Amino acid sequence: MSHLSSSIGYEIKRIRKEKNMTQAELCEGICSQAEISKVENGKNSPTIDWLQQVAKRLKVPLSMLFEDHLRSDMYTSYDQQLLRLLQSQQFEEACIIIDDIKNKIDYDEIKFLAMYYEIIIHEKRNFRTYLETIGEFKQLLMNTSLQFKSPTLYLRIQMAIAISFIEHEDFDSAEESFQELLQFNFDTIELKKVRIKILYNYAKQLSEQNRNQIGLEITEQGIQESLQIEDGQLLGQLYYQRGYFKKILNGNPSDIQRDFTMAYSLFRTFNLPVHEKILLEKNGSFVLFRI
């Protein structure tokens, strides 16, 4: 489904819940509950006539159902700008954009995004210790509207906390964070993609602890969920991860070859030269062919 379909579905769901309506109440006389569920989850593209009926039932102007799409585009633009500046360590420039968001943007989720990057920048500039950074992240998570208005960012912050624990070898706290993350209700395609990232990073933590059998099981789960929603974003990394775990556990050599070869093919397909180079340097002997 397109990004527009997903954002319209999200907005319908948001407004419906805000008005304390059930799906059955919203769809009565318009469509089946199954159809409204598919639209809300971004699996079906609604027609304009259908949207007009739903907007009337929700007692909102039709244009409001497209509001999330416009907001999402702005969010993505700021996210890409700030990430690029963070990666190139242009902290002053990033802070200018963050201040601009705080002073001029009315959308809460974009303000939350700015706060997220501000916390990271403070740590990168040694203004905060990692424990202080985690404390600030947790304080941000306590904002009652964050989880509802920006569930993807909510999960992203939770994952940043878990990864920070891993980087500082606090594996018990990391384990607790990942277990809490996986209890979240991943009820849209967008959130299911975030769940796959969580599974991938969780398996990396298990690798750090030499909990390889559990790591293999988590990686397998990530692969299956990626295939179910036809998301190839992390599929190459997951196949590489599965090949690594199988090699450590002395698995079937042909299975290991298949996983590393699949990872290599996906890295080539998605133009990931750094990943491809690492694979060939460390496990090139398992790749059955090279392009």
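Refer to the structure presented above.
It should be emphasised that the depicted structure is a prediction, and the values quoted were computed from it without experimental measurement.

Colleague: Whenever I open this one, the overall build of the protein chain confuses me. Can you help?
Modeller: On a plain count of helices and strands, the protein chain comes out with 16 helices and zero strands. Taking the principal axes of the C-alpha coordinates as reference, the protein chain spans close to 60 × 45 × 35 Å. Across the 291 residues of the protein chain, 48% fall into the buried class. Taking the intrachain contacts of the protein chain between residues at least 6 apart in sequence as the baseline, contacts between residues at least 24 apart amount to 59%. In the structure as shown, the protein chain presents an accessible area of about 15500 Å², 49% of it carried by carbon and sulfur atoms.

Colleague: I keep staring at the packing of aromatic side chains and nothing clicks. Help me out?
Modeller: When we look at a pair of aromatic rings, we describe it by the centre distance and by the angle of the planes. Taken as a whole, this structure holds nine aromatic pairs when the rule is applied. Look at Phe184 and Phe186: their rings are 5.6 Å apart centre to centre, the planes differ by 65°, and that puts the pair in the edge-to-face class. Relative accessible area serves as the criterion here: at 17%, Phe184 is assigned to the buried category. Judged by its relative accessible area of 9%, Phe186 is buried. Through a chain of ring-to-ring contacts, the aromatic side chains of Tyr116, Tyr117 and Phe137 assemble into a single cluster.

Colleague: Would you mind going over the nonpolar core with me for this structure?
Modeller: Side chains that are nonpolar tend, in soluble globular proteins, to be buried together. Ranked by size, the top nonpolar core spans 53 residues in total, and within it Tyr116, Leu155, Ile157 and Ile198 carry the most contacts. Counting only elements with at least two residues in this core, the list comes to helix H5 (67–87), helix H6 (91–104), helix H7 (108–124), helix H8 (130–141), helix H10 (151–167), helix H11 (171–181), helix H12 (189–208) and helix H13 (212–228). Looking at which element gives the most residues to this core, the answer is H10, with ten residues. Residues contacting Tyr116, with those up to four places away along its chain left out, are Phe137, Leu140, Leu153, Arg156, Ile157 and Ala160.

Colleague: What exactly am I supposed to notice about the state of the cysteines here?
Modeller: Here, disulfide denotes a covalent bond that connects the sulfur atoms of two cysteines. Scanning the model with the defined rule gives zero disulfides in all. Here Cys27 stays unpaired: no disulfide links it, and the sulfur of Cys31, its closest cysteine neighbor, is 5.2 Å away. Judged by relative accessible area, Cys27 falls into the buried class, the value being 6%. Among the residues examined, Cys31 registers a relative accessible area of 17% and is labelled buried.

Colleague: For this particular structure, what's the right way to read the pattern of salt bridges?
Modeller: On inspection of all chains with the given rule, the structure shows 16 salt bridges. Two residues, Arg242 and Glu220, come together in a salt bridge whose shortest N-O distance is 2.6 Å. A residue pair is termed long-range when its members are at least 10 positions apart, and Arg242 in helix H14 (residues 235–248) and Glu220 in helix H13 qualify at 22 residues. Given the relative accessible area of 28%, Glu220 is considered partly exposed. For Glu276, the salt bridge is made with Arg268, and the minimal N-O distance between the two is 3.3 Å. With a relative accessible area of 36%, Arg268 lands in the partly exposed category. Sharing partners across several salt bridges, the network here consists of Glu220, Arg242, Lys246 and Asp259.

Colleague: Just checking my understanding: could you explain H7 for this structure?
Modeller: Each α-helix winds once per 3.6 residues, and so residues spaced three or four apart point in a common direction. Along its 17 residues, H7 runs 25 Å from first to last C-alpha, staying within 8% of the 24 Å computed at 1.5 Å per residue. All buried positions along H7 are accounted for by Glu109, Ile110, Phe112, Leu113, Ala114, Tyr116, Tyr117, Ile119, Ile120, Ile121 and His122. After H7 finishes, the residue Asn126 shows a positive phi value of roughly 65°.

Colleague: Would you explain the packing of H10 against H11 in this entry?
Modeller: For any two helices packed against each other, one specifies the crossing angle of their axes together with the interaxial distance. Contact pair H10 / H11: the axes reach a minimum separation of 7 Å and the direction vectors enclose 160°. The orientation of H10 relative to H11 falls into the category roughly antiparallel. Between H10 and H11 lies a crossing whose hand is left-handed. Of H11, the residues touching H10 (which contributes Leu155, Gln158, Met159, Ile161, Ala162, Phe165 and Ile166) are Phe171, Ser173, Ala174, Ser177, Phe178, Glu180 and Leu181. For the contact of H10 with H11, a count of residues per class yields ten nonpolar, three polar and one charged.

Conventions and cut-offs
- Residues numbered from 1 in each chain as written.
- Predicted model: local features only at pLDDT ≥ 70, side-chain atom pairs only at ≥ 80, totals over all residues.
- Heavy atoms only, no water.
- Helix = DSSP H or I, 4+ residues; strand = E, 2+ residues; numbered from the N terminus.
- Buried < 20%, exposed > 50% of the residue type's maximum accessible area, 1.4 Å probe, protein only.
- Contact = heavy atoms within 4.5 Å.
- Areas by Shrake-Rupley, 256 points an atom, 1.4 Å probe, with all protein chains shown as cover.
- Phe/Tyr/Trp six-rings, centres within 6.5 Å; stacked < 30°, edge-to-face > 60°.
- Core = buried A, V, L, I, M, F, W, Y, C linked by side-chain atoms within 4.5 Å.
- Disulfide = S-S within 2.5 Å.
- Salt bridge = Lys/Arg side-chain N within 4 Å of Asp/Glu carboxyl O.
- Expected span 1.5 Å × (residues − 1).
- Axes fitted to C-alpha atoms, helices over the stretch in contact; angles between N-to-C directions.
- Parallel < 35°, antiparallel > 145°, perpendicular 65-115°, else oblique.
- Left-handed = near helix turned anticlockwise from the far one by under 90°.
- Nonpolar A, V, L, I, M, F, W, Y, C, P; charged D, E, K, R; others polar.

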